[in-house]
Structure formats: C-alpha cells, structure tokens
Amino acid sequence: MKKTRFARLTLGLFLLSLTAYSTGLHAAVTEADDDDEGDVASSTSEINEPSGRVSETITGNVGLTSDYVYRGITQTEHGPALQGGLDWISKFGMYVGAWGSNVHSAESQTALELDVYAGYDFAVAKHWKLGTGVIYYAYFKGAEGNNWAIPLKLSWKNFKAELNFTPKQGNVEGDAWYASIGVENDLVYDFTLGLSAGYSMFAPAIGNLDYADFRVALSRELLTVNWELAGTFVSRRQFNGADDPRIILSAAKSF
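The rules behind the values
- Residues numbered from 1 in each chain as written.
- Predicted model: local features only at pLDDT ≥ 70, side-chain atom pairs only at ≥ 80, totals over all residues.
- Heavy atoms only, no water.
- Helix = DSSP H or I, 4+ residues; strand = E, 2+ residues; numbered from the N terminus.
- Contact = heavy atoms within 4.5 Å.
- Areas by Shrake-Rupley, 256 points an atom, 1.4 Å probe, with all protein chains shown as cover.
- Phe/Tyr/Trp six-rings, centres within 6.5 Å; stacked < 30°, edge-to-face > 60°.
- Buried < 20%, exposed > 50% of the residue type's maximum accessible area, 1.4 Å probe, protein only.
- Lys NZ or Arg CZ within 6 Å of the ring centre and 35° of its normal.
- Salt bridge = Lys/Arg side-chain N within 4 Å of Asp/Glu carboxyl O.
- Core = buried A, V, L, I, M, F, W, Y, C linked by side-chain atoms within 4.5 Å.
- Pairing = 2+ DSSP bridges.
- Axes fitted to C-alpha atoms, helices over the stretch in contact; angles between N-to-C directions.
- Polar contact = N/O pair within 3.5 Å; in protein donor to acceptor, adjacent residues only side chain to side chain.
- pLDDT = per-residue confidence, 0-100.

Undergrad: If you had to explain the overall build of the protein chain to someone new, which residues and values would you point to?
TA: From N to C terminus, the protein chain includes two helices and 14 strands. Residue pairs in contact within the protein chain that sit at least 24 positions apart in sequence constitute 45% of those at least 6 positions apart. Summed over all atoms, the accessible surface of the protein chain reaches about 14,900 Å², with 64% contributed by carbon and sulfur.

Undergrad: Please provide a residue-by-residue account of the packing of aromatic side chains, values included.
TA: If you walk through the whole model with that rule in mind, you get eight aromatic pairs. When the centroid spacing of 5.8 Å and the interplanar angle of 35° are considered together, the rings of Trp128 and Trp156 count as tilted. Of the two residues, Trp128 sits in strand β7 (residues 128-140) while Trp156 sits in strand β8 (residues 147-156), which places them 28 residues apart along the sequence. Taking relative accessible area as the criterion, Trp156 reaches 13% and is therefore assigned buried. Directly above the aromatic system of Tyr178 lies the positively charged group of Arg71, at a separation of 4.0 Å from the ring centroid.

Undergrad: Break down the pattern of salt bridges for me, with residues and values.
TA: Tallied over the full model, the rule gives five salt bridges. Residues Asp190 and Arg220 are paired through a salt bridge, measuring 3.8 Å at the closest nitrogen-oxygen approach. One end of the pair, Asp190, is in the loop between β10 (176-186) and β11 (192-202); the other, Arg220, is in strand β12 (residues 211-222), with 30 residues separating them in the sequence. The class for Asp190 is exposed, based on a relative accessible area of 61%. Take Arg220: its relative accessible area is 25%, and that puts it in the partly exposed class. For the salt bridge of Glu228 with Arg215, the shortest nitrogen-to-oxygen distance reads 2.6 Å. Residue Glu228 is found in strand β13 (residues 225-234), and its partner Arg215 is found in strand β12; the two are separated by 13 residues along the sequence. Looking at Arg215, the relative accessible area reads 31%, which means it is partly exposed.

Undergrad: Got a sec to walk through the nonpolar core? Specific residues and values, please.
TA: By size, the foremost hydrophobic cluster in this structure holds eleven residues: Tyr68, Ala81, Ile89, Tyr95, Trp99, Val103, Tyr117, Ile135, Tyr137, Tyr139 and Ala149. Elements supplying a minimum of two residues to this core: β4 (81-89), β5 (94-102) and β7. Of all the elements, β7 adds the most residues to this core, at three residues.

Undergrad: Could you give an account of the sheet that holds β5, naming the residues involved and the relevant values?
TA: Pairing in this closed barrel of twelve strands is antiparallel, and the strands run β1-β4-β5-β6-β7-β8-β9-β10-β11-β12-β13-β14 around the ring. Recorded for the sheet is a direction-independent mean angle of 20° between the axes of neighbouring strands. Across eight bridges, β7 lies against β8 in antiparallel orientation. Bridged to Tyr137 within β8 is Asn147.

Undergrad: For the pairing of strand β14 (residues 246-254), give the residues involved together with the corresponding values.
TA: In terms of strand pairing, strand β1 (residues 57-65) meets β14 through five bridges, oriented antiparallel. Along β14, the bridge assignment pairs Gly63 with Ala252.

Undergrad: Report on the side chain of Thr110, specifying residues and quantitative values.
TA: Among the secondary structure elements, Thr110 is positioned in the loop between β5 and β6 (112-125). Taking relative accessible area as the criterion, Thr110 reaches 12% and is therefore assigned buried. A polar atom in the side chain of Thr110 sits 2.8 Å from the side chain of Ser108. For Thr110, the contacting residues outside a window of four places in its chain are Val103, His104, Tyr139, Phe140, Lys141 and Gly142.

Undergrad: Any details on the confidence of the model for the protein chain? Residues and values, ideally.
TA: With 78% of its residues at a pLDDT of at least 70, the protein chain reaches an overall mean of 84. Contacts of residues 1-52 to residues separated by more than four positions or lying in other chains number 48 contacts, the stretch itself having pLDDT below 50.

Undergrad: For the side chain of Thr166, give the residues involved together with the corresponding values.
TA: Mapped onto the fold, Thr166 is located in strand β9 (residues 159-166). Setting aside chain neighbours within four positions, we find Thr166 in contact with Asn147, Trp148, Ala149, Gly174, Asp175 and Ala176.

Undergrad: So what's going on with unusual backbone geometry? Which residues, and what values?
TA: Even without a glycine there, the phi angle at Glu77 is positive, about 50°. If you trace the backbone, Glu77 turns up in the loop between β3 (73-74) and β4. Phi is positive for His78, close to 65°, though the residue is something other than glycine. With respect to the secondary-structure elements, His78 resides in the loop between β3 and β4.

Here it is, written out as structure tokens:
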C-alpha cells in the first residue's frame, strides 16, 4: 500500500513538473521572439549580479487567514490567524527575517509561533536560481515543539522546487524530510493560479506518518491587498481532523 501511494505521488509530481516545464518553455519561446540587445544586457546583468538588486531592502507583510494550514495540517484547529513578517535582503542575495502567527492546539498550550530565518539566494544562469539557509521554529508556551530546518531551493521562471531537512522533529529524536514543488501562472484579469504538492517523510522513531499534501490557490491584488482563495488536502488523513480538506480565504498586505 505504501509503495502504491508513493507511486501515485511520484506520477502526480511528474505531471505537475511537466506542466510547469511546458508553460515555462512556451514563455521562453515567446520571449525569444521579442528579444533585443537590451535583453542580452539584462541577461548578463542577472548573472553578474545574482540577486538582481541594486541596494539593500527591508520589506514587511501582515495578513489575516481563515485557517493557518501548514503542509496540509491546520495549526489553529481550523480557526483564523493573524500573521506578519519582516525581512532584510541585501543586494548580494543574503537575507534575514522573522515571521509570526497565532496558533492553537488542544494538545498544547502553545499560542504563538515565531520563525526566524537567514539564507542566501543566487542566480546560476538566466532564470535559474538556487538558495539555502536555516530556519528556526519557536513556539511560546510550548517549547517542546521547537525545531529547526535546512532548506535547499531551486527556481526556474515560475517553477519552484524545495527540499527541507529537519534534524529533530519536536521533542522526538528523529529527523524528517519534506520535498515540494510548485508553479504559478498568470491568468486573465490579473488573477494568478498556484499549484503545489509536497511529501513529508519521517524517521521510524517518529512513526509511520509519511503523507503527501496538495494545494490549489487563486489570487488577485485588489485595493493594494492580495486576496487568495485556496484549497488544501492530503493523501492520508491521520491527525484527528487536523488534516481535513479545507477551503481557505486569506488577505495580505506588503509594505
């Protein structure tokens, strides 16, 4: 049964990758037809200046969501969450930031999650970027859930892939891996469609909990606020309703 689920997941990820590749290839062909000398100069600049930025930037964001769902599992028992973050990004691609959200669980007194992270993103060729760093997840009134992860990211145009390694999962001595892919496409009337899929893998000490999660999202900016309607579901429901399929409405503002 486990091999069958993995085979289905592999096929799904392959089809999603193929869709992303086909979309990107079509965009590349269209773009090539319109290229001129300025585009060549832009390509050279992107490779020599990995981040494409001319100076350091500080950005922030604040948002409200009807349900904080992480990798297919609610972090607020299907309740709303107020979230926000702050990031510093250097012109060389280095970044440092923090992001927080209220959380809730009947099995813990945890009320707040704070993620602190740092890393480096750089271009390896036109449209191709790599990145890595470290993330620390801190939970207040629930330090037993604190953990950290090392992400490895790859992006090409509107396609992204990521692999996360967590040496310790909460207070259990066992590692975990999470692999994900995603693609975004612009639609008519300034709408954006996002598709993503991920697979969580846990060490035997944690238990036989491996599962896949999927997300489909439609977003649009309106009155300087980004609105998103998303649907999430998992391949294996095993967390007492926390991983039920959900429809989520979110609003976020960047500054």
